[in-house]
Every structure is written in structure tokens, then in C-alpha cells.
Amino acid sequence: MDMVVVIMAGGVGSRFWPLSTEDTPKQFLKLFGERSMLQKSFERAADIVPPERILVLTRRDFVPLVREQLPAVPAANIIGEPVRRDTAAAVALSAVLCRKRFGNPVIVTLTADHLIEPADLFRTTLLSAVMMADKGDVLYTFGIQPTYPATGYGYLERGALTATVDGIEHFEVRNFKEKPDLETARMYLDSGRFFWNSGMFVWKTDAIMARLEQFLPDHLRLMGKALEAGTGEGMEYTLEKAFDPLPSISIDFGVMEKARNVRCVKSTFSWIDVGGWLSLRDFLDKDEHGNFHKGTLVVSDSCNNLVFCEDAGETVMLAGIHDLVIVRSRNGTLVMRKDCTEDIKKLVIGKLSR
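Residues numbered from 1 in each chain as written. Predicted model: local features only at pLDDT ≥ 70, side-chain atom pairs only at ≥ 80, totals over all residues. Heavy atoms only, no water.

S.K.: Is there a simple way to explain empty space enclosed by the protein in this structure?
M.R.: Sizing a probe to match a water molecule and rolling it over the atoms shows the empty space that remains. Taken as a whole, this structure holds one cavity of 30 Å³ or more when the rule is applied. What the largest cavity holds in volume is close to 30 Å³. If you go around the largest cavity, the residues you meet are Ser-41, Arg-44, Leu-110, Thr-111, His-114, Ile-116, Phe-122 and Met-200. Of all the secondary structure elements, the ones that give two or more residues to the lining of the largest cavity are α1 (37-46), β4 (106-111) and β5 (114-117). For the lining of the largest cavity, the class distribution of residues is four nonpolar, three polar and one charged. (1 Å grid on protein atoms, 1.4 Å probe; cavity = no way out; pocket = protein on both sides within 12 Å on 5 of 7 lines; lining within 4 Å. Points joined across faces, edges and corners; volume = space filled by probe spheres on them. Helix = DSSP H or I, 4+ residues; strand = E, 2+ residues; numbered from the N terminus. Nonpolar A, V, L, I, M, F, W, Y, C, P; charged D, E, K, R; others polar.)

Printed below as a string of C-alpha cells:
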């Protein structure tokens, strides 16, 4: 089928400070083996389309890093956004680029900070969505089968079953729900009607451009104007003019929550949105006191902590410490309570703005 994969890789990874910094955010880090999350995302995309049909949207400052980590992707396919304007701007830009370069392909939009296994089940699920998106005027997302009452993810309320393709169930999306409190998350899980919202999408170029025209016309108009002169030299200046006046808004809030004919594929592969330090628990060693750690950990009367040392040869000693996140890196040291994980973003943004 006629497909293009877009990888959104422009985040700053503030929740992963001090390992993730403004110069080298989390998608470029090798947190899980010898490949960065960006490289893992590229490998999943390259299993579906050739590199010439992979676009990477990132911050302008990160373009050299993307080229270094993804040498197979043509340089013209790595697009630097001049300022951050959330995912709606990235989606609008990718749609206009795909229209100009490829016509009316199915666009698969992925992110650079997800861990997904196994790859073959992900591929089957994705191609099932592509097949149906190619046939109709629909917008697809991936509904992740929840395994616990997560409060850090948004949710999708599913409606009627619309199709089963290659064993993958397709549902109408009735509602989008913001990140819930624990009691609400438990209710969602018990009901069996809710999926986690993955932030990955599948749609025909025509379909998403029609919804952008309906709900975010300035996004579409300004991106189209920016690319009128082509996508070569000079695009940096025209993109700056296009991005600057746009509000910062997500594609979920700006389009998906308002659009008709929104569907999801039930996704049973293992999926982790690596949004913060607590999301690493399943990849770290664990002691008998419930402490997750990378590096040598020596404890006395300490439990339910997460300790991460960038240098795995380091030793951390804890005495009388409970329910903390402790991170050691060459860039700094982080100590916070587990229930304050959102505060790190505020601290980092405040630090950058000074």
C-alpha cells in the first residue's frame, strides 16, 4: 500500500532530567541497550516502508543528532521545527509535506519515545489500521489494552466493533479522556470499555487535511504557504514564519476529540510511553525490598525506591529512605518523592527560562 511513516522526535524529555537535557533529550539516549529510542522507532518504521518514505520531524537544533543516529534517512526527510508548537503543528506540516512529495498516501504517525514489543504483533496491528484507513475517510489511533489503572496516560472510550482484520479488532472511539485520578482509572479498567491513548495515528493524507481545514485551518494554511516555494533551501525561514503565530495545541485536543469517524485498533502488544523515571521500573533490577535500581544499591530500612545511576559502576547507599526517585548523572542529581514526578517538568522548564 501507499504509505509514509512520520516519526515525531521533537520533545525535550524534561521529565528525564538530569540524564535528558536540552542538548540531548531522552529520544537520543541509549537507556535500553545499544540503540536509542529514536533508533528503535526508526527500525519499526523501516520494517514497513523504505527510508525514503520515512519523515522525521524534530527540533531544528536536533537535526544534526537525528542525521547522526539515522544515516539511512535522506537528509531532506529530516525536518527541523523552529519552535515548539505541540503535535498539531507537526501533524499539519507532515500532511502538507506528504501531499507535496507523495500525493495521497496513508500517513502513519509514530513517536520516538515508545517501547513496543513484539515487533511482529505491532506490525500486524499497524497494517490492519492502514488497510482500513486506506479504504475510507477515517482517522485511526491505537488503543492500548490497559494492564493496570494508570494515572499517567490519557484514555479512549471505545464504542461499537466496526471490523476485525487479520485478527485485530477495530472499534469506534466514543470519547477521549484526560489523565484520570486513581479511583477513576480503576473504574476505567474495571469497565473493560477503555484503552490507553497511545498518541500514534493512521490516516489518509486527504482525511487529515480535511479535518485540519475544518478545525485548525490556520495550521493548514500557514504550513501550505511555508512549502509553496519548495522544501529545499529557504524552508527554514518560511517554516519560522509559519510556526511563530500558531498556538501550542495537541492533535488530540485540536482535531481528534472533535472529529467524526474516529476509530482505534485494539493493541495487545507491550507498549510503554517512556514519559518519566517511574516508567523504567520493568527494565531495572529489583531487590527484595521493592527497590528498583541501576548501579549497586546498598540499603538499610529502605523500600519502594527507584535509583538510577548513569554509570552502572556507581554505588548508592540508602538508610531510612522510602518512596523516592534518585538519579545520578554527570549532569546533576535528582531526588524527589514518587508522587511528585510531574514537578520535575516545572523545575526544568523554570531552569531553562531563566
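S.K.: What is the right way to look at the pairing of strand β15 (residues 306-309) in this model?
M.R.: Looking down a regular strand, the side chains alternate between one sheet face and the other. Alternating positions in β15 separate into two faces, Leu-306 and Phe-308 on one and Val-307 and Cys-309 on the other, with burial throughout. The pairing of strand β13 (residues 292-294) with β15 spans three bridges and is parallel. Its bridge partner being in β15, Phe-292 is matched across the sheet by Leu-306. By the bridge criterion, four bridges tie β15 to strand β17 (residues 324-329) in an arrangement that is parallel. Along β17, the bridge assignment pairs Cys-309 with Arg-328. (Buried < 20%, exposed > 50% of the residue type's maximum accessible area, 1.4 Å probe, protein only. Pairing = 2+ DSSP bridges.)

S.K.: Would you take a moment to explain the side chain of Thr-111 for this structure?
M.R.: Within the element layout of this structure, Thr-111 appears in strand β4. Take Thr-111: its relative accessible area is 11%, and that puts it in the buried class. In this structure the side chain of Thr-111 is engaged in a polar contact, spanning 3.1 Å, whose partner is the side chain of His-114. Other than its neighbours up to four places away in sequence, Thr-111 contacts Ile-7, Met-8, Ser-41 and Gly-199. (Polar contact = N/O pair within 3.5 Å; in protein donor to acceptor, adjacent residues only side chain to side chain. Contact = heavy atoms within 4.5 Å.)

S.K.: What's the story with the sheet that holds β13 in this structure? I'm lost.
M.R.: Within a sheet, each strand pairs with its neighbour through backbone hydrogen bonds, oriented either parallel or antiparallel. Sheet architecture is open: five strands sit in the order β12-β13-β15-β17-β18, paired in mixed fashion. With partners counted over all chains shown, the strands left at the sheet margins are β12 (285-286) and β18 (332-337), one partner each. Of the pairings in the sheet, the one linking β17 to β18 comprises six bridges and is antiparallel in character. For Ile-326, the partnering residue across the bridge sits in β18 and is Val-335.

S.K.: In this structure, what is going on with the packing of helix α3 (residues 86-102) against helix α6 (residues 205-215)? I would like to understand it.
M.R.: For any two helices packed against each other, one specifies the crossing angle of their axes together with the interaxial distance. Contact geometry of α3 with α6 gives a least axis separation of 10 Å together with a crossing angle of 135°. Relative to α6, the element α3 is oriented oblique. The hand of the α3/α6 crossing is left-handed. The residues of α6 that touch α3, namely those facing Val-91, Ala-92, Ala-95, Val-96, Cys-98 and Arg-99, are Thr-205, Asp-206, Ile-208, Met-209 and Leu-212. (Axes fitted to C-alpha atoms, helices over the stretch in contact; angles between N-to-C directions. Parallel < 35°, antiparallel > 145°, perpendicular 65-115°, else oblique. Left-handed = near helix turned anticlockwise from the far one by under 90°.)

S.K.: Explain the packing of helix α7 (residues 217-226) against helix α8 (residues 235-243) here, please?
M.R.: Running from amino to carboxyl end, α7 crosses α8 at an angle of 165°, the nearest separation of the two axes being 8 Å. Judged on the interaxial angle alone, α8 and α7 are roughly antiparallel. Considering how the two elements wind past one another, α7 and α8 form a crossing that is right-handed. Only Thr-238, Leu-239, Ala-242 and Phe-243 of α8 make contact with α7, whose side of the interface consists of Leu-222, Met-223 and Ala-226. The residue inventory of the contact of α7 with α8, partitioned by class, reads six nonpolar, one polar and no charged.

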